[in-house]
Amino acid sequence: MNRPTPGGTWISLGSSPDAVAHLEYARRKWRNARIITGNRGFQIANNPDVYMVFDKTACDYWRDDAYRLRREFGTWLITLFAGQETVRINRGVHDFNEFLTIRPNDWGMTGLWITYYAAKMMRADRIVLCGHQGYPAAGVGYFDGSPTPNQHHVKTIAVLGPRYHCLAVDSPDCEFVALGPLQWELDEGMPNMKQELPA
């Protein structure tokens, strides 16, 4: 099994309520794009090129699904490295394909990590942020109808916008396209980041 080839267009698939419709739009518009997702994202992109679970909770929920994705589709599996014993005993993912040791501060959201991976490890030419609208203050927070977790709207405001801004600044050769209405503020001054409302 080989690591995906760098470059090209990547769809970074999050889990916002509009993720299903926006993924259909993104697949039509960018037909050759590869998909990276994490956690429950495999439920709508059932054969992603790269799949990430990054902490113990996510590994407990979706570890078996991750291994199935690799067996059936050759999906490249990634997680954060947290010491050999933690990865082997606590998470049970010691034979994933890749363990990330780079840890930008305060990036504790899966959508940020998968976008970071596409930009920095895959050296994407374009990243389509699909299902990355962020968490609303109340109500449905995920495409499967699950509610917004406590404090996640606060993290949306305080973390998502600023971190996407930093990633765009640090990746000037990559175009970022954020699909849909956003719960976070997009910096209009970023020449390589734009918002697009799917038709």
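The rules behind each value
- Residues numbered from 1 in each chain as written.
- Predicted model: local features only at pLDDT ≥ 70, side-chain atom pairs only at ≥ 80, totals over all residues.
- Heavy atoms only, no water.
- 1 Å grid on protein atoms, 1.4 Å probe; cavity = no way out; pocket = protein on both sides within 12 Å on 5 of 7 lines; lining within 4 Å.
- Points joined across faces, edges and corners; volume = space filled by probe spheres on them.
- Helix = DSSP H or I, 4+ residues; strand = E, 2+ residues; numbered from the N terminus.
- Nonpolar A, V, L, I, M, F, W, Y, C, P; charged D, E, K, R; others polar.
- Buried < 20%, exposed > 50% of the residue type's maximum accessible area, 1.4 Å probe, protein only.
- Pairing = 2+ DSSP bridges.
- Core = buried A, V, L, I, M, F, W, Y, C linked by side-chain atoms within 4.5 Å.
- Contact = heavy atoms within 4.5 Å.
- Axes fitted to C-alpha atoms, helices over the stretch in contact; angles between N-to-C directions.

> Account for the layout of surface pockets, with residues named and values stated.
Sizing a probe to match a water molecule and rolling it over the atoms shows the empty space that remains. Computed from the structure, the largest pocket encloses a volume of approximately 630 Å³. What lines the largest pocket is a set of 31 residues, and nearest its centre among them are Asn39, Thr110, Tyr135, Tyr142 and His152. Listed by contribution, the elements that provide at least two residues to the lining of the largest pocket are helix H2 (56–73), helix H4 (110–121) and helix H5 (152–170). Considered class by class, the residues forming the lining of the largest pocket number 13 nonpolar, 15 polar and three charged.

> An account of the pairing of strand S6 (residues 126–130) is requested, with residue identities and associated values reported.
Counting buried positions along S6 yields four of five residues, so the element is predominantly enclosed. Pairing between strand S1 (residues 9–13) and S6: five bridges, direction parallel. Residue pairing across strands places Thr9 opposite Arg126, the latter belonging to S6. In terms of strand pairing, S6 meets strand S7 (residues 175–179) through four bridges, oriented parallel.

> Tell me about the nonpolar core, and please be specific about residues and values.
With 37 residues, the main nonpolar core has Ile36, Met52, Tyr117, Ile127, Phe176, Trp184 and Met193 as its most contacted residues. Elements with a minimum of two residues in this core: strand S3 (50–52), strand S4 (76–80), H4, S6, H5 and S7. With eight residues, H4 is the largest single contributor of residues to this core. The contact partners of Ile127, leaving out residues within four places of it in the chain, are Trp10, Ser12, Thr115, Ala118, Ala119, Cys174, Glu175, Phe176 and Val177. Counting 16 residues, the second-largest nonpolar core is a separate cluster that includes Ala19, Ile44, Ala45 and Val177.

> Got a sec to walk through the sheet that holds S7? Specific residues and values, please.
Read from one edge of the open sheet, eight strands run S5-S4-S3-S2-S1-S6-S7-S8, paired in parallel fashion. Here the strands that pair on one side only, and so sit at the sheet edges, are strand S5 (98–100) and strand S8 (193–196). Strand-to-strand twist across the sheet, computed as the mean angle between neighbouring axes with direction ignored, equals 25°. Where H4 meets the sheet, its contacts fall on S1, strand S2 (34–38), S3, S4, S5, S6 and S7, and the angle it forms with S2 comes to roughly 145°.

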